[in-house]
Amino acid sequence: MSNPFENDNASYLVVRNDELQHALWPATLPVPAGWTTVHGPDSRGACLDHVEEHWTDMRPASLVAALDGTAPRD
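Each chain has its residues counted from 1, running along the sequence as written. Per-residue local features are limited, in this predicted model, to residues with pLDDT of at least 70; the limit for side-chain atom pairs, both in listing and counting, is 80 or more; totals at the level of whole chains, interfaces and linings are taken over all residues. Note: side-chain values were computed over all heavy atoms of the structure, leaving out hydrogens and water.

The name given to the chain in an unreviewed UniProt entry is MbtH family protein, with Streptomyces tropicalis as the source organism.

So this is what it looks like as structure tokens:
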């Protein structure tokens, strides 16, 4: 059985958690608790492009807020 997270021919979602961290998720699987769909379903490449464009700060939102004294960004 192939890995559903690395199938270039599958459909994916981009999901995001409360810390504004992004992940690719196979569109055929239920989105896990604590994560929200922000893009898709779409091709794996398009989802990776979306993540690259929208997740520009890898730090968790709570760390950004603590270090910068700002509210988490959306």
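A. How the structure looks around helix H2 (residues 61-68). Turning to H2, its buried residues are Ala61, Val64 and Ala65. All buried residues of H2 fall inside an arc of 95° around its axis, so they share one side. For H2, the exposed residues lying more than 90 degrees away from the buried face are Ala66 and Leu67. Of the residues trailing H2, glycine 69 is marked for its positive phi of about 70°. For every residue, the accessible area obtained with a 1.4 Å probe (protein chains only) is divided by the maximum for its type, and the residue is called buried under 20%, exposed over 50%, and partly exposed between those limits. To qualify as a helix, a DSSP run of H or I must reach at least 4 residues; to qualify as a strand, a run of E must reach at least 2; elements of each kind are numbered from the N terminus. The arc in question is the one traced by the directions running from the helix axis out to the C-beta atoms.

B. Fine view of the UniProt feature "domain: MbtH-like" (unreviewed entry) in the chain. UniProt positions are given in the numbering used here, feature names are shortened, and annotations may be inferred rather than shown by experiment. The sites that carry the UniProt feature "domain: MbtH-like" (unreviewed entry) are, in the present numbering, residues 3-53. Its end C-alpha atoms 25 Å apart, residues 3-53 is made of 20% helix and 41% strand.

C. Seen up close, the nonpolar core. Counting six residues, the largest nonpolar core is built from Tyr12, Val14, Leu24, Cys47, Val51 and Trp55. Counting residues per element, the ones that place at least two in this core are strand S1 (11-17) and helix H1 (44-54). The term nonpolar core refers to a set of buried residues drawn from Ala, Val, Leu, Ile, Met, Phe, Trp, Tyr and Cys, joined through side-chain atoms within 4.5 Å.

D. Focus on H1. Three or more residues of H1 are buried, namely Arg44, Cys47, His50 and Val51. Mapping the buried residues of H1 onto a view down its axis gives an arc of 120°, with all of them on the same face. Away from its buried face by more than 90 degrees, H1 exposes Asp49, Glu52 and Glu53.

E. The arrangement of the sheet that holds strand S2 (residues 22-26) in detail. By the convention used here, strands pair only if DSSP detects at least 2 bridges between them. Pairing is antiparallel in the open sheet, where three strands are placed in the order S2-S1-S3. Pairing within the sheet leaves two strands with one partner each, and these edge strands are S2 and strand S3 (35-43). Across the sheet, the mean angle from the axis of one strand to that of its neighbour is 30°, orientation sign disregarded. Relative to S2, S1 runs antiparallel, the two being bridged by five bridges. Among the inter-strand pairings, arginine 16 is bridged to a residue of S2, identified as histidine 22. Sitting on the sheet, H1 is in contact with S1, S2 and S3, with an inclination near 135° to S3. Angular values range over 0 to 180 degrees, each being the angle between N-to-C directions of two axes fitted as lines to C-alpha atoms, with helices fitted over their stretch in contact. Contacts were defined at the residue level, with two residues in contact if any of their heavy atoms lie within 4.5 Å.

F. Expanded view of the pattern of salt bridges. Each reported salt bridge corresponds to a side-chain nitrogen of Lys or Arg within 4 Å of a carboxyl oxygen of Asp or Glu. All told, the structure shown has three salt bridges when counted by the stated rule. The residue aspartate 8 makes a salt bridge to arginine 44 at a minimum N-O spacing of 3.8 Å. Of this pair, aspartate 8 sits in the segment before S1 while arginine 44 sits in helix H1, and the two are 36 residues apart along the sequence. Residue aspartate 8 is classed as exposed on the basis of its relative accessible area, which comes to 58%. A salt bridge links arginine 59 to aspartate 57; the nearest nitrogen and oxygen atoms lie 2.8 Å apart. The exposure class of arginine 59 is partly exposed, given its relative accessible area of 31%. Residues participating in the shared-partner salt-bridge network are Asp57, Arg59 and Asp68.

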